[in-house]
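Spelled out from the first residue to the last, the chains are:
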Amino acid sequence: VAAALGPAAAGAVVTLAGSGEAIVLQAAIALAAGVAAARVREPDGLARSEERTLAAVRSGLATVFGHRQLRASMVVMAFSGLGLGVLTIGLPLWARDALGHSPGAVGWLWAALSVGSVAGGLAYGRRRPPGTDATHMALSALLLALPLLALPRAGSLAAGMAAMAGAGLVLAPG
């Protein structure tokens, strides 16, 4: 719910008050999260790792690169991260340049992605298709491209939201 409401609220703040105020809102939310997290108490007797940071990084990378499925997952995650980074920057510009909307409209696009993601996750959890995890991951990455390819051709905010919701459908299960 927060993943869908957050972008929509941010879009409203950007549209009504400006981008600086949206950043201040993000800072306030981060501050509230920090205060809430500081109130959480860890269980007594919790084992604490004494491993040095670089040693832990080397150990983790050796584990990932030594395991075929983990290695494949990391490659897909790396490409997905790159793509979402591009989308993060490109989406407000597209909304402004192609649709004539303020960057605040992007909040609705991200909210649509989140709603689609929730729906996709629920559908996937309810009836998982046959096949291996690797097959699901590869198919999800390929299917994610289809609605994103339609996005630049969307002629309205509603059509853009439909494309983002479609992307969300396969984003969560992937």
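All figures in this text were calculated on a predicted structure; none of them were measured in a lab.

## Some points on the packing of helix α1 (residues 2-16) against helix α5 (residues 106-126)
At a closest axis distance of 7 Å, the pairing of α1 and α5 adopts a crossing angle of 175°. When the axis of α1 is compared with that of α5, the two are roughly antiparallel. Here α1 contributes Ala3, Ala4, Pro7, Ala8 and Gly11 to the contact with α5, which in turn contributes Gly107, Trp108, Trp110, Ala111, Ser114 and Val115. By residue class, the composition of the contact of α1 with α5 is eight nonpolar, three polar and no charged.

## Let's talk about a nonpolar patch on the surface
Taken together, the side chains of Leu139, Leu143, Leu146 and Leu149 define a hydrophobic patch exposed on the protein surface, amounting to about 380 Å² of accessible area. Inspection of the secondary structure puts leucine 143 in helix α6 (residues 133-150).

## Details of the nonpolar core
One broad trend across soluble globular proteins is that nonpolar side chains are buried collectively. With 19 residues, the main nonpolar core has Leu87, Leu91, Trp94, Leu109, Trp110, Leu151 and Met164 as its most contacted residues. Mapped onto this core, the elements with two or more residues apiece are α4 (68-97), α5 and α7 (157-171). Excluding residues that lie within four positions of it along the chain, tryptophan 94 makes contacts with Leu99, Leu109, Leu151, Pro152, Ala154 and Gly160.

## Quick word on the pattern of salt bridges
By the definition in use, this model includes one salt bridge. Ionic pairing is found between arginine 96 and aspartate 97, a salt bridge with its closest N-O pair at 2.7 Å. Given the relative accessible area of 55%, aspartate 97 is considered exposed.

## Focus on the environment of valine 24
With respect to the element layout, valine 24 can be found in helix α2 (residues 19-38). Classification of valine 24 by relative accessible area gives exposed; the value is 55%. Counting along the chain gives 23 residues from valine 24 to alanine 47, while the straight-line C-alpha distance between them is 37 Å.

## A few points about α6
Here α6 spans 27 Å end to end across 18 residues, near enough to the 26 Å set by a 1.5 Å rise per residue. The complete set of buried residues in α6 reads His136, Met137, Ser140, Leu144 and Pro147. Along the axis of α6, the buried residues cluster in a sector spanning 95°; they form a single face. Exposed residues pointing more than 90 degrees away from the buried face of α6 are listed as Leu142, Leu146 and Leu149. For α6, the secondary structure elements touched by its buried residues are α4, α5 and α7.

## Quick notes on the packing of α5 against α7
Between α5 and α7, the least distance of the axes is 6 Å, while the angle of their chain directions is 35°. Here α5 and α7 pass one another in a crossing that is right-handed. Along its contact with α5, which presents Trp108, Leu109, Trp110, Ala112, Leu113, Gly116, Ser117, Ala119 and Gly120, the element α7 presents Leu157, Gly160, Met161, Met164, Ala165, Ala167, Gly168, Leu169 and Leu171. A per-class count over the contact of α5 with α7 returns 13 nonpolar, five polar and no charged.

Procedures and definitions
Residues numbered from 1 in each chain as written. Predicted model: local features only at pLDDT ≥ 70, side-chain atom pairs only at ≥ 80, totals over all residues. Heavy atoms only, no water. Axes fitted to C-alpha atoms, helices over the stretch in contact; angles between N-to-C directions. Helix = DSSP H or I, 4+ residues; strand = E, 2+ residues; numbered from the N terminus. Parallel < 35°, antiparallel > 145°, perpendicular 65-115°, else oblique. Contact = heavy atoms within 4.5 Å. Nonpolar A, V, L, I, M, F, W, Y, C, P; charged D, E, K, R; others polar. Patch = residues over 30% accessible without salt bridge, like charges linked within 9 Å, V, L, I, M, F, W, Y side chains within 5 Å. Areas by Shrake-Rupley, 256 points an atom, 1.4 Å probe, with all protein chains shown as cover. Salt bridge = Lys/Arg side-chain N within 4 Å of Asp/Glu carboxyl O. Core = buried A, V, L, I, M, F, W, Y, C linked by side-chain atoms within 4.5 Å. Buried < 20%, exposed > 50% of the residue type's maximum accessible area, 1.4 Å probe, protein only. Expected span 1.5 Å × (residues − 1). Arc of directions from axis to C-beta. Left-handed = near helix turned anticlockwise from the far one by under 90°.

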